[in-house]
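In case you want the letters, here they are:
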Amino acid sequence: MKYLILIFFLTISFQSSTIAQEKNQGDLFLSLLEERSSSEIDNTLSDIQRKWKDGFAVMAIETISLSRDPKIVSELVRMLKDQEGLQEAGNFNELFSWLWRSDEKLTSDYASFKAQLYGLVDTKFTDYFEGHQDERTIRFDEIRWGGVRQDGIPPLRDPKMISAKEADYLGEKDVVFGIEVNDDVRAYPKRILAWHEMFVDEVGGEKLAGVYCTLCGTVILFKTEHEGVHHEIGTSGFLYRSNKLMYDKATQSLWNTMQGIPVVGPLVDKGIKLEHLSVVTTTWGEWKKRHPNTKVLSLETGYQRDYSEGVAYKSYFATNRLMFNTPFNDQRLSNKAEVLALRFDEVPGKQLAISVEFLAKNPVYQDELSQTKFVVFTDGSGANRVYERGLISFKYFDGNTSVTDESGTTWTLTESKLIAETGEVLERLPYHRAFWFGWLAAFPDTELVK
């Protein structure tokens, strides 16, 4: 019996030692970023090479991303080649592309490593990851730092709005994102919003957040209240598949911007999904003509920026190149070709992308997504509006507010619905635009019309 007890305690001791060692593996990489002597760094690099195992690759890559020591970088790259078979390492996008071609491999202390690593940049980052390795719905190694601190791209909270007549800084062809909520009509110029990537406000009695991911070309309008709980969201500083991740101030959970759901942290799997509303991408001239009483963002944002048209992200928007890559590469459209992005709550798992260029040539386009029949009207500015259509087919749109169905009935187009001369009403459906690569990254199985 004594021998059995001794064996039992030795086994527990061995297991505890193994767990402790497992938990401290990330410390090897973190220590490379400390102020240390050359010999200490050499010893740590030797330890990493000797102890190399599954899960070290992503920690090596992320350590490289923050290291300023050429020797550390070159040695870690060498290990990736020797231990993992890495062929080329020209830039970080290539490193991550190589990593994502295999299944996710993480050590048990990876979340703690990631928390401490990026905590060196912003202490607020630690709460995103520490203790949440099992509270997630996405690959941890696909969460990349975007180069800014939490809210480093500052959201506009309760921004100052002015009348259309006061907005003399806007040109007729300047791009705006237009919304209408309970008869409250507003325009958010791209030239301002691109510098802030989010506005948080109350519009038409609803608490809303308009989230602009400049990298993937999406402006999505969310109701920030879900089942009586208001989620105060902001910009996390991190990306998932080149799409910004939001965070909520109460729990520091990370949220998927495309879907409006928590993907890392305490709110994961709590059944939370923010309702998204429609956003019209159009010109100031066209929006103002339709809505002369619209409100519009003031230049008085509280920040000093060059809000001239086309300045923000000018070089990024001008090319097909990506700043942050994704695991997918689909050449049916160019990376930054704009698509009208459709997904309806009643048909989860089904998504549709329609080329904006295609819609410009087909101002009345009718289709269905699963059992939801819809129609898209596109005006001369290129703005798209989507409505349910039931069993009705439409044949003509005057480019303004009048549409005609195949029976000859005239309908009036508004921002919230289609109203027939007979009194029948068809509701508007939620949608937004996106760059093709960004929508595909979020929904790889999306259908495409082009």
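Provided above is the structure to which this section pertains.
Rules used throughout
Residues numbered from 1 in each chain as written. Predicted model: local features only at pLDDT ≥ 70, side-chain atom pairs only at ≥ 80, totals over all residues. Heavy atoms only, no water. Salt bridge = Lys/Arg side-chain N within 4 Å of Asp/Glu carboxyl O. Helix = DSSP H or I, 4+ residues; strand = E, 2+ residues; numbered from the N terminus. Buried < 20%, exposed > 50% of the residue type's maximum accessible area, 1.4 Å probe, protein only. Core = buried A, V, L, I, M, F, W, Y, C linked by side-chain atoms within 4.5 Å. Contact = heavy atoms within 4.5 Å. Pairing = 2+ DSSP bridges. Expected span 1.5 Å × (residues − 1). Arc of directions from axis to C-beta. Axes fitted to C-alpha atoms, helices over the stretch in contact; angles between N-to-C directions. Parallel < 35°, antiparallel > 145°, perpendicular 65-115°, else oblique.

## Describing the pattern of salt bridges
- According to the stated counting rule, one finds 29 salt bridges in the structure shown.
- Between Arg 433 and Glu 338 there is a salt bridge, and its shortest N-O distance comes to 3.4 Å. With a gap of 95 residues between them, Arg 433 in strand β28 (residues 432–435) and Glu 338 in strand β18 (residues 338–342) connect regions that are remote in the sequence.
- The class of Arg 433 is buried, set by a relative accessible area of 10%.

## A word on the nonpolar core
- Core analysis: the largest hydrophobic core is formed by 48 residues, its most contacted members being Trp 284, Leu 342, Ile 354 and Phe 374.
- Ranked by the residues each element gives to this core, the list is headed by strand β4 (residues 175–181), at 4 residues.
- Other than its neighbours up to four places away in sequence, Trp 284 contacts Ala 164, Ala 167, Leu 170, Gly 171, Glu 172, Asp 174, Val 176, Ala 187, Thr 294 and Val 296.
- Among the nonpolar cores identified, the runner-up in size contains 47 residues, and Ile 72, Phe 96, Ile 138 and Leu 245 belong to it.

## What about the pairing of strand β22 (residues 384–388)?
- Counting buried residues along β22, 4 of its 5 residues qualify, which places the element largely inside the surrounding structure.
- Pairing analysis gives 5 bridges linking strand β21 (residues 372–378) to β22, with the strands arranged antiparallel. Looking across to β22, one finds that Phe 377 is bridged to Arg 385.
- Adjacent in sequence and paired antiparallel, β21 and β22 are bridged by 5 residues, among which Gly 382 carries a positive phi angle near 95 degrees.

## What to know about the environment of Ile 220
- Residue placement: Ile 220 occurs in strand β8 (residues 218–223).
- Of the residues examined, Ile 220 reaches a relative accessible area of 0% and is grouped as buried.
- Separated by 76 residues in sequence, Ile 220 and Val 296 place their C-alpha atoms 17 Å apart.
- Apart from residues lying up to four places away in sequence, Ile 220 is in contact with Ala 209, Gly 210, Val 211, Thr 257, Met 258, His 276, Val 279, Arg 343 and His 432.

## Regarding helix α7 (residues 110–119)
- When you tally the buried positions in α7, you get 9 out of 10 residues, the bulk of the element.
- Contacts from the buried residues of α7 go to α2 (25–31), α4 (56–66), α8 (126–129), β1 (143–145) and β11 (233–240).

## Remarks on the environment of Ser 370
- When you line up the elements, Ser 370 lands in the loop between β20 (364–369) and β21.
- The sequence separation of Ser 370 and Ala 194 amounts to 176 residues, and the corresponding C-alpha distance is 34 Å.

## Considerations on helix α3 (residues 38–51)
- Over its 14 residues, α3 runs 20 Å from end to end, which matches the ideal 20 Å to within 8%, given 1.5 Å per residue.
- Taken together, the buried positions of α3 are occupied by Ile 41, Thr 44, Leu 45 and Ile 48. The arc that holds the buried residues of α3, viewed along the axis, is 100 degrees, so those residues lie on one side. α3 presents Asn 43 and Arg 50 as exposed residues on the side facing more than 90 degrees away from its buried surface.
- Residues of α3 that are buried make contact with α2, α4 and α5 (70–84).

## Remarks on the sheet that holds strand β16 (residues 280–283)
- Judged by pairing direction, the sheet is mixed, and its 5 strands sit side by side in the order β3-β17-β5-β4-β16 without closing on themselves. On the outer flanks of this sheet lie β3 (161–163) and β16, each paired with one strand and no other. With strand direction ignored, the average angle separating the axes of adjacent strands in the sheet is 35 degrees.
- With 2 bridges connecting them, strand β5 (residues 184–189) and strand β17 (residues 295–297) associate as parallel partners. Its bridge partner lying in β17, Arg 186 is registered against Lys 295.

## As for the packing of α4 against α7
- Orientation of α4 relative to α7, taken along the N-to-C sense of each, is 0 degrees, at an axis distance of 11 Å. Between α4 and α7, the interaxial angle falls into the category roughly parallel. Judged by residue contacts, Val 58, Met 59, Glu 62, Thr 63, Ser 65 and Leu 66 of α4 engage Tyr 110, Phe 113, Lys 114, Leu 117 and Tyr 118 from α7.

## A short note on the sheet that holds β18
- The strand order β28-β18-β19-β29 describes an open sheet built from 4 strands, whose pairing is mixed. In this open sheet, the two edge strands, each paired with only one partner strand, are β28 and β29 (447–449). Each strand axis lies, on average, 35 degrees off the axis of its neighbour in the sheet, ignoring direction.
- Pairing between β18 and β28: 4 bridges, direction antiparallel. Note that in β28 the partner of Ala 341 across the bridge is His 432.

## Let's talk about the pairing of β8
- Taken across its 6 residues, β8 has 6 buried, putting it largely inside the fold.
- Taking every second residue as pointing to the same face, both faces of β8 are buried, with Thr 218, Ile 220 and Phe 222 on one and Val 219, Leu 221 and Lys 223 on the other.
- With 6 bridges joining them, strand β7 (residues 206–213) and β8 adopt antiparallel strand pairing. What sits directly across from Val 211, in β8, is Ile 220.
- Joining the antiparallel neighbours β7 and β8 is a turn of 4 residues, in which Gly 217 adopts a positive phi near 75 degrees.
- Strand direction decides the pairing type here: β8 and strand β15 (residues 276–277), joined by 2 bridges, are antiparallel. Paired with Leu 221 across the strands is Leu 277, a residue of β15.

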